Amino acid sequence: MRIAQVAPLHESVPPRLYGGTERVISYLTEELVGMGHDVTLFASGDSVTTAKLVSPCRNSLRLDPNCVDTVAHHFLLMEQVAQRAENFDIVHWHIDYFSYPLSRRMRVPSVTTLHGRLDLKDLVNLYDEFDDIPLISISDNQRTPVPNANWQKTVYHGLPPDLYTFREKKGKYLAFVGRMSREKRVDRAIEIALRTGIELKIAAKIQNVDRPYFKEFVEPLLKGPYVEYVGEIGEKEKDAFVGEALALLFPIDWPEPFGLVMIESFACGTPVIAFNCGSVPEVVKDGVTGYICGTLHEAVSAVERVGELDRRAVRREFEERFSSRRMAEDYTGIYRKLAEKAAPGLRKTYRAA
């Protein structure tokens, strides 16, 4: 098939540091190319891909000191897609609702994967209007606020099987990877470490919007024992950081749409101790790949028992449920269905890879 993948421009594809959405787009794009599809990636110019690359900007926007208006670049991105749309059998958007008016008017079928939260009142009227736009969720729970949207399927994220190193030997510290934000609850992870007396290593990105939370709730706790903040890390550092841990802490306090770091941890064989929010019950198999908790007391108890879990079983669950190949096959099934449903006068002939 001739497939367009349209990525947000805030990070490169793949990102140099933190960036879950762009990382998933990279894994999907490379897997589709490997399956024989003709893929064009619309992304920032510093992206690295085996697909054809089309870029409205030279650098990813978050790390570009000269970028003031990120929306302007995304409007250029959508125009680039529109100008080339007839070259594709399907356009796969990853830029949230920005593309909806354009998608509605394009002759070529398209689909949008939603990577973020949907529990915002501002979105209710939006999805009432755009109830014809085909959507893909990354967990069933993500759909809850807008159940009547035009959902096609839930497609869980996937990773290349050789991306992370399986480590059978359990580590001696707890790990936290993510954003330094109130909803990710780094402060809760620190409390778990203090109660268990086990070292916690924190690898987290701090955005400007999250600095007040960091200053008030996290920074004072970094001065105590059992806690080390290592800063923001990239893909290469994450392998050892997560793989050599006793467990990954995922003490979230929000409706997490998926949580890529959980399956990254599974790939290493490292169990996850997560709070029961959002996608967690769909991703973590309680008592196999980790433990699902409702309170700090339960999380502390889980840490005390986590060494009993079989790390080979954790890795096996990853291979069976969360590979990039499985993800790509799920998506191509959706692409074919939407291409075949296109009106006869608009339908394009595509070659199946």
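Whatever comes next refers back to the structure up there.
Just so it is clear, the model here is predicted, and its values are computed rather than measured.

The rules behind the values
- Residues numbered from 1 in each chain as written.
- Predicted model: local features only at pLDDT ≥ 70, side-chain atom pairs only at ≥ 80, totals over all residues.
- Heavy atoms only, no water.
- Pairing = 2+ DSSP bridges.
- Helix = DSSP H or I, 4+ residues; strand = E, 2+ residues; numbered from the N terminus.
- Axes fitted to C-alpha atoms, helices over the stretch in contact; angles between N-to-C directions.
- Contact = heavy atoms within 4.5 Å.
- Parallel < 35°, antiparallel > 145°, perpendicular 65-115°, else oblique.
- Left-handed = near helix turned anticlockwise from the far one by under 90°.
- Nonpolar A, V, L, I, M, F, W, Y, C, P; charged D, E, K, R; others polar.
- Buried < 20%, exposed > 50% of the residue type's maximum accessible area, 1.4 Å probe, protein only.
- Salt bridge = Lys/Arg side-chain N within 4 Å of Asp/Glu carboxyl O.
- Core = buried A, V, L, I, M, F, W, Y, C linked by side-chain atoms within 4.5 Å.
- Arc of directions from axis to C-beta.
- Polar contact = N/O pair within 3.5 Å; in protein donor to acceptor, adjacent residues only side chain to side chain.

## Topic: the sheet that holds strand S13 (residues 290–293)
Across the sheet, six strands lie side by side as S10-S9-S8-S11-S12-S13; this open sheet has parallel pairing. Each end of this open sheet is capped by a strand with a single partner; those strands are strand S10 (227–231) and S13. Strand-to-strand twist in this sheet, taken as the mean axis angle between neighbours without regard to direction, amounts to 20°. Sheet topology note: the strand S12 (residues 272–275)/S13 ladder contains four bridges and is parallel. Paired with Ile273 across the bridge in S13 is Tyr291. Along the sheet, helix H7 (residues 235–243) contacts strand S8 (174–179), strand S9 (200–205) and S10; its crossing angle with S8, the most-contacted strand, is approximately 140°.

## Structural notes on the packing of helix H5 (residues 186–196) against helix H6 (residues 211–218)
Where H5 contacts H6, the two axes come as close as 10 Å, and the packing angle between them is 25°. If you check the angle between H5 and H6, you find them roughly parallel. Judged by the twist between their axes, the crossing of H5 over H6 is right-handed. Judged by residue contacts, Val186, Asp187 and Ile190 of H5 engage Tyr213, Phe217 and Val218 from H6. Tallied by class, residues from the contact of H5 with H6 come to five nonpolar, no polar and one charged.

## Some points on unusual backbone geometry
Backbone torsion omega between Val13 and Pro14 reads -5°, so that peptide bond is classified as cis. Phi at Arg185 takes a positive value of approximately 60°, unusual for a residue other than glycine. In this fold, Arg185 is placed in the loop between S8 and H5. Residue classification places Arg185 among the buried residues on the basis of a relative accessible area of 19%. In this model, Tyr226 sits at a positive phi of 70°, which is unusual for a non-glycine residue. You can see Tyr226 is positioned in the loop between H6 and S10.

## Some remarks on the environment of Tyr335
Secondary-structure assignment places Tyr335 in helix H12 (residues 324–341). Along the chain, Tyr335 and Cys277 lie 58 residues apart, while their C-alpha atoms are 30 Å from each other. Apart from the residues lying within four places of it in its own chain, the contact partners of Tyr335 are Met1, Ile3, Gln5, Leu28, Leu32, Ile90, His92 and Val111.

## Digging into the pattern of salt bridges
The full count for this structure, using the stated rule, is 27 salt bridges. Of the charged contacts in the structure, one is a salt bridge between Glu86 and Arg107, with a shortest N-O distance of 3.4 Å. With Glu86 in the loop between helix H2 (70–84) and strand S4 (90–93) and Arg107 in the loop between helix H3 (100–105) and strand S5 (110–113), this residue pair connects regions lying 21 residues apart in the sequence. Accessibility expressed as a relative area gives 39% for Glu86, which makes it partly exposed. Ionic pairing is found between Arg117 and Glu183, a salt bridge with its closest N-O pair at 3.0 Å. Here Arg117, found in the loop between S5 and helix H4 (122–129), pairs with Glu183, found in the loop between S8 and H5; they are 66 residues apart in sequence, far enough to count as distant. It is possible to trace a salt-bridge network through shared partners that takes in Glu11, Arg62, Lys205 and Glu232.

## Examining the side chain of Ser99
Looking at the secondary structure, you find Ser99 in the loop between S4 and H3. Setting aside chain neighbours within four positions, we find Ser99 in contact with Met78, Trp93 and Thr112.

## Some remarks on the nonpolar core
If you look at the biggest cluster of nonpolar residues, it comprises 57 residues, and the most contacted ones within it are Phe266 and Tyr335. If near-sequence neighbours (up to four positions away) are discounted, Phe266 is found in contact with Val272, Val283, Val284, Thr289, Val314, Arg315, Phe318 and Phe322. Counting residues in hydrophobic clusters, the runner-up holds 29 residues, among them Val186, Ala189, Ala193 and Val227.

## What about helix H10 (residues 296–305)?
Turning to H10, its buried residues number three or more, namely Ala299, Val300, Ala302 and Val303. Down the axis of H10, the sector holding all buried residues measures 160°, keeping them to one side. Seen from the open side of H10, the exposed residues pointing more than 90 degrees away from its buried face are His297 and Glu304.

## Thoughts on the environment of Arg315
The residue Arg315 is located in helix H11 (residues 311–321) in this model. Among the residues examined, Arg315 registers a relative accessible area of 11% and is labelled buried. Each C-alpha atom, one on Arg315 and one on Leu123, is 37 Å from the other, the two residues being 192 residues apart in sequence. Beyond its immediate chain neighbours, meaning those up to four positions away, Arg315 contacts Pro161, Tyr164, Phe166, Phe266, Ala267 and Gly269. There is a polar contact of 2.7 Å between the side chain of Arg315 and the backbone oxygen of Ala267.

## Quick word on the pairing of strand S2 (residues 38–42)
Counting buried positions along S2 yields four of five residues, so the element is predominantly enclosed. Two elements, S2 and strand S3 (residues 52–54), share three bridges in a ladder whose sense is parallel. Residue pairing across strands places Thr40 opposite Lys52, the latter belonging to S3.

## Some points on the sheet that holds S3
Reading across the sheet, the seven strands line up as S3-S2-S1-S4-S5-S6-S7 and stay open at both edges, with parallel pairing between neighbours. Each end of this open sheet is capped by a strand with a single partner; those strands are S3 and strand S7 (151–154). The mean inter-strand angle of the sheet, taken between neighbouring strand axes irrespective of direction, is 25°. This element, helix H1 (residues 20–34), spans strand S1 (2–6), S2 and S4 of the sheet and lies at about 155° to S2.

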